[in-house]
Amino acid sequence: MTQGTTANDLISVRSSRFWALWHFNLTRLIFPARIVADHVGISTNIIRRWFVPWERTDEHLPLSHIAEVAHRRGLIWDAISVESSGGLNPLVVGGLRKSQARYFVDHVRERINESVAVTVPPARR
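Residues numbered from 1 in each chain as written. Predicted model: local features only at pLDDT ≥ 70, side-chain atom pairs only at ≥ 80, totals over all residues. Heavy atoms only, no water.

Across its full length, the protein carries 3 helices and 7 strands. Listing the helices and strands of the protein from first to last along the sequence gives β-α-α-β-β-β-β-β-β-α. Relative to its 125 residues, the protein shows a buried fraction of 36%. The contacts in the protein between residues at least 6 apart in sequence include a share of 40% that link residues at least 24 apart. (Helix = DSSP H or I, 4+ residues; strand = E, 2+ residues; numbered from the N terminus. Buried < 20%, exposed > 50% of the residue type's maximum accessible area, 1.4 Å probe, protein only. Contact = heavy atoms within 4.5 Å.)

Shown next as structure tokens:
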């Protein structure tokens, strides 16, 4: 998990290698899935097959298009799902440590609320 203190600060979380070992997932053991949030939006970096790491899925969702940030809690590991306002193809990363997932979701929700509060025009009289 990484966090900066500037306006371009990043929050980055990756899936647990112990989770990958537990699920016999060699790809996640070598290349953990990552989800990154900054002041612009949320991005994922997922490699599907270990033997072709150049074939990866990089997805980005701007903060203005985020409808919901879901935190799915498990017994040991958690998952984060970020849904767009269009409702298609959510960004999902699983196998996250509980504290990192909670921290990520809390800060992304704060950023979404801040961006909504700034863009709402004042009421006219």
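This paragraph deals with the environment of S15. Take S15: it is sitting in the loop between β1 (11-14) and α1 (17-22). Placed 78 residues apart in sequence, S15 and V93 show a C-alpha to C-alpha distance of 7.3 Å. Aside from chain neighbours lying at most four places away, what touches S15 is R28, P32, A33, G94, G95 and L96.

Just geometry here; none of it tells us what the structure is for.
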